[in-house]
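# Results of the structural survey
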Amino acid sequence: GSGGFRKRKHDNFPHGQRREEKENVNPPSALMTSFKSFQLELDTRHDKYERLVKLSRDITIESKRTIFLLHRFTSAPNGEEILNESEVKLDAVRRKIKQVAQELIGEDMYQFHRAISPGLQEYVEAVSFQYFIKTRSLISVEEINKQLIFTAEDREETTNMTSNSHDKQSPTWSLKVTPVDYLLGVADLTGELMRLCISSVGNGDIDTPFELSQFLRQIYDGFTFIGNTGPYEVSKKLYTLKQSLAKVENACYTLKVRGSEIPKHMLADVFSTKTELIDQEEGLP
Amino acid sequence: MSVSEMFAALQGALGQDQDIREEIRKEVQALEQTAREILTLLQGVHQGPGFQHIPKKCQKAREHFGTVRTQMESLKTKFPADQYYRFHEHWRFVLQRLVFLAAFVVYLESETLVTREAVAEILGIEADRERGFHLDIEDYLSGVLTLASELARLAVNSVTAGDYARPLRISTFINELDSGFRLLNLKNDSLRKRYDGLKYDVKKIEEVVYDLSIRGLNKEATVGAGGEK
């Protein structure tokens with residue numbers, strides 16, 4: 001009957017096809033098609049940027065934790081342990097940096113630089129802090145970048161990901177810390193070294209302050225030499241650097257002038273008062 | 001390497017970077033000058049007699065774009081080809097301005113939206129990053145948004161000059177442009193802010209069309225437009 005016929009008609013024109021036919025009546029114009037592709041392009045770009053921001057945040061957090069850990073270092077027995085643990089932490093950070101390098105394959109690094117710069121600066125601060133504790137010297141940017149050349153860890157990476165090398169046998173990824181990020185990281189390092197100076201006196205270590213004073217002066221001289229050649233963010237750090245250096249120099253002065261008067265076990269007290277004053281200045285609780 | 005040696009090397013790198021930027025700035029200044037000349041030329045279409053001279057102005061503008069192409073070739077040589085985004089901030093503004101001017105010329109000629117590839121060709125650059133000095137999509141979109149504002153102004157001045165058909169065509173064009181932009185998921189950056197201005201352009205043109213329609217002026221226009229087109 002007619003009911004059956006009508007039913008079959010519905011089967012011949014299922015809902016989805018009907019919609020498609022309607023679209024075919026009004027096909028998207030060239031302009032709309034273009035904008036649809038723009039949407040895709042922008043979304044892809046933004047997604048990548050966000051992934052890199054997240055990685056940068058992870059890098060920042062883990063680097064900061066490494067710095068806190070390293071502040072607990074003393075030449076006491078647990079020193080070796082702390083250094084080893086810091087290396088483990090920094091390896092974890094480097095694995096994150098590897099992911100950053102993989103995200104940037106085929107891209108212009110500078111397009112995404114603002115996303116990763118904070119993390120890289122913090123990493124420079126952490127790794128140079130560790131290097132100073134181990135060697136009493138400043139790590140170079142070349143040395144830092146040498147550690148940021150990565151190879152595939154397992155077969156999965158080799159087959160799935162694109163990389164720098166054309167030889168599919170051993171793909172490599174690398175990231176270069178820029179001179180500016182390096183300088184900004186080193187500038188922040190001086191703040192940690194200043195804290196190290198104050199705390200080392202509290203631990204009865206009266207040699208480190210003088211070593212630090214000399215070291216910081218070298219760095220300060222370096223930044224003075226650079227002056228305004230770099231971007232504004234670098235010159236801005238010079239002010240804080242000068243303050244850190246001044247605090248260290250004052251600590252050395254106090255040690256020199258009053259060190260002989262005060263029994264060693266009371267030296268810590270002298271500097272803890274000073275530290276309170278300094279912390280008050282910086283607005284710390 | 002001693003600390004002072006390290007910093008000397010770093011200072012060298014920073015100095016080199018500054019030198020490159022200085023060279024780029026000079027090239028960009030030249031481009032800005034040419035852009036100003038094209039803009040001054042095209043702004044003339046807003047005045048009464050200017051409407052008749054549109055084809056001539058477009059032709060002249062295209063000649064100026066020849067100068068732009070030459071200047072672009074010069075700019076490309078000032079920095080390593082694979083570091084476009086390192087120095088992008090220096091030419092971003094003038095490039096957006098040039099996109100707008102190219103889009104304006106193409107609109108005046110054909111009343112269509114110039115494609116990204118077409119703009120790139122007019123400016124003598126690439127459309128894809130992989131092929132070299134290219135037009136970033138956000139710069140293209142910014143330039144297009146500036147075109148929208150210019151057309152809103154043109155709609156108003158068309159009426160003043162007695163052309164009642166043009167605003168209607170501009171309205172169709174801008175509305176389609178608006179639909180296109182609505183597809184985009186923009187972040188809270190300068191492009192987003194500029195896009196926010198588009199709705200005021202749409203509104204302004206709607207008001208012009210409304211003013212024409214309630215006075216029956218657009219009916220005259222469609223009658224006339226049939227013959228013109």
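The rules we used
Residues numbered from 1 in each chain as written. Chains lettered and ligands numbered in written order. Predicted model: local features only at pLDDT ≥ 70, side-chain atom pairs only at ≥ 80, totals over all residues. Heavy atoms only, no water. Salt bridge = Lys/Arg side-chain N within 4 Å of Asp/Glu carboxyl O. Helix = DSSP H or I, 4+ residues; strand = E, 2+ residues; numbered from the N terminus. Buried < 20%, exposed > 50% of the residue type's maximum accessible area, 1.4 Å probe, protein only. Contact = heavy atoms within 4.5 Å. Buried area = accessible area lost by both parts, 1.4 Å probe. Domains from an automatic or database assignment. Polar contact = N/O pair within 3.5 Å; in protein donor to acceptor, adjacent residues only side chain to side chain. Axes fitted to C-alpha atoms, helices over the stretch in contact; angles between N-to-C directions. Parallel < 35°, antiparallel > 145°, perpendicular 65-115°, else oblique. Left-handed = near helix turned anticlockwise from the far one by under 90°. Nonpolar A, V, L, I, M, F, W, Y, C, P; charged D, E, K, R; others polar. UniProt positions renumbered as here; feature names shortened; annotations may be inferred. Core = buried A, V, L, I, M, F, W, Y, C linked by side-chain atoms within 4.5 Å. Expected span 1.5 Å × (residues − 1). pLDDT = per-residue confidence, 0-100.

## Remarks on the pattern of salt bridges
- The full count for this structure, using the stated rule, is 40 salt bridges over all chains.
- Across the pair glutamate 62 of chain A and arginine 65 of chain A runs a salt bridge whose closest N-O atoms are separated by 4.0 Å. Of this pair, glutamate 62 of chain A and arginine 65 of chain A both sit in helix H3 (residues 30-71), 3 residues apart, which is roughly one turn of that helix.
- For arginine 65 of chain A, a relative accessible area of 49% gives the class partly exposed.
- Here glutamate 249 of chain A makes a salt bridge to arginine 217 of chain A, at a shortest N to O gap of 2.9 Å. In this pair, glutamate 249 of chain A is assigned in helix H10 (residues 232-258) and arginine 217 of chain A in helix H9 (residues 208-226), connecting sequence segments 32 residues apart.
- According to the relative accessible area criterion, glutamate 249 of chain A is partly exposed, its value standing at 30%.
- Taken together, the salt bridges that share partners define one network made up of Lys48, Arg51, Glu103 and Glu107 of chain A together with Arg129 and Glu130 of chain B.

## A closer look at the interface of chain B and chain A
- Contact with chain B, which involves 34 residues of that partner, is made by 39 residues of chain A.
- Note on chain B versus chain A: buried area summed over both sides is about 3300 Å², and carbon and sulfur give 70% of it.
- For the pair chain B and chain A, the number of links is 5 salt bridges.
- The shortest N-O distance in the salt bridge between arginine 116 of chain B and glutamate 41 of chain A comes to 2.9 Å.

## Brief notes about the domain arrangement of chain B
All names here are of chain B.
- Assigned domains within chain B: domain 1 (1-135) and domain 2 (136-221).
- Look at where the C-alpha atoms of domain 1 and domain 2 centre, and you get two points 25 Å apart.
- Each partner contributes to the interface: domain 1 provides 27 residues, whereas domain 2 provides 23 residues.
- Taking both sides of the interface into account, the surface hidden between domain 1 and domain 2 amounts to around 2200 Å²; carbon and sulfur atoms contribute 63%.
- The tally of links from domain 1 across to domain 2 stands at 2 salt bridges.
- Note that arginine 169 is salt-bridged to glutamate 111, the shortest N-O span being 2.7 Å.
- Taken together, the connections running from domain 1 to domain 2 amount to 8 residue pairs in polar contact (both at pLDDT 80 or more).
- Mapped onto the side of domain 1 that touches domain 2, the elements with two or more residues apiece are helix H3 (84-110) and helix H4 (116-123).

## Thoughts on the packing of helix H6 (residues 166-182) of chain B against helix H8 (residues 198-214) of chain B
All names here are of chain B.
- Between H6 and H8, the shortest axis-to-axis distance is 10 Å and the interhelical angle comes to 150°. On the basis of their axis angle, the class for H6 and H8 is roughly antiparallel. Judged by the twist between their axes, the crossing of H6 over H8 is left-handed. Contact residues: H6 offers Pro167, Leu168, Ile170, Ser171, Ile174, Asn175, Asp178 and Phe181, while H8 offers Leu198, Val202, Ile205, Val208, Val209 and Leu212.
- A per-class count over the contact of H6 with H8 returns 11 nonpolar, 2 polar and 1 charged.

## A closer look at the UniProt feature "binding site: Mg(2+)" (unreviewed entry) in chain B
- Summarizing the sequence annotation, UniProt attributes the feature "binding site: Mg(2+)" (unreviewed entry) to Glu150 of chain B in the numbering used throughout.
- Contact partners of glutamate 150 of chain B, with chain neighbours within four places excluded, come to His46, Phe100 and Phe104 of chain B.

## A few points about the domain arrangement of chain A
Residue and element names in this part refer to chain A.
- Under the domain assignment, chain A is made up of domain 1 (42-154 + 171-177) and domain 2 (179-284).
- Buried surface at the junction of domain 1 and domain 2, summed over both partners, amounts to about 1700 Å²; 65% is from carbon and sulfur atoms.
- Among the residues of domain 1 in contact with domain 2, Gln121, Glu125 and Phe132 are the three that bury the most area, contributing 32% of the side total.
- Inspection of the domain 1/domain 2 interface yields 1 salt bridge.
- Seen at the junction of domain 1 and domain 2, the total is 7 residue pairs in polar contact (both at pLDDT 80 or more).

## What about the UniProt feature "binding site: Mg(2+)" (unreviewed entry) in chain A?
All names here are of chain A.
- Feature annotation in UniProt places "binding site: Mg(2+)" (unreviewed entry) on Glu125 and Glu192, given in this structure's numbering. Across 68 residues, the annotated set stays spatially compact, with a maximum C-alpha separation of 8.6 Å.
- Exposure remark for glutamate 125: the relative accessible area of 4% places this residue in the buried category.
- Residue class for glutamate 192 comes out buried when judged on its relative accessible area of 13%.
- Within the local environment of glutamate 192, its side chain forms a polar contact with the side chain of histidine 71, the two groups lying 2.6 Å apart.

## Considering the nonpolar core
All names here are of chain B.
- In terms of nonpolar packing, the biggest core is built from 73 residues, with Phe65, Trp91, Leu98, Leu141, Leu177 and Phe181 touching the most fellow members.
- When residues in this core are grouped by element, the largest group, 17 residues, is from H3.
- Viewed by domain, this core spans two of them, domain 1 (1-135) and domain 2 (136-221), each represented by three or more residues.
- In this structure, leucine 98 is in contact with Leu31, Ala35, Phe65, Val68, Met72 and Leu123, ignoring residues within four places of it in sequence.

## What about the UniProt feature "coiled-coil region" (unreviewed entry) in chain B?
- In the UniProt entry, the feature "coiled-coil region" (unreviewed entry) is given for residues 14-41 of chain B.
- Annotated as residues 14-41 of chain B, this span is 100% helix and 0% strand, and its ends, taken at the C-alpha atoms, are 41 Å apart.

## So, helix H5 (residues 137-160) of chain B
All names here are of chain B.
- With 24 residues, H5 extends 35 Å from end C-alpha to end C-alpha; this agrees with the ideal 34 Å at 1.5 Å per step.
- Summarising burial for H5: 18 of the 24 residues are buried, a large majority.
- In the stretch just after H5, glycine 162 is the one whose phi turns positive, near 95°.

## Description of the confidence of the model for chain B
Residues and elements named next belong to chain B.
- The predicted model of chain B has a mean per-residue pLDDT of 93, with 96% of residues at 70 or higher.
- Overall, residues 224-229 carries pLDDT values under 50, and its contacts beyond four positions in sequence, including any with other chains, amount to 3 contacts.
- Across the whole predicted complex the pTM is 0.85, and at the interface the ipTM reaches 0.91.

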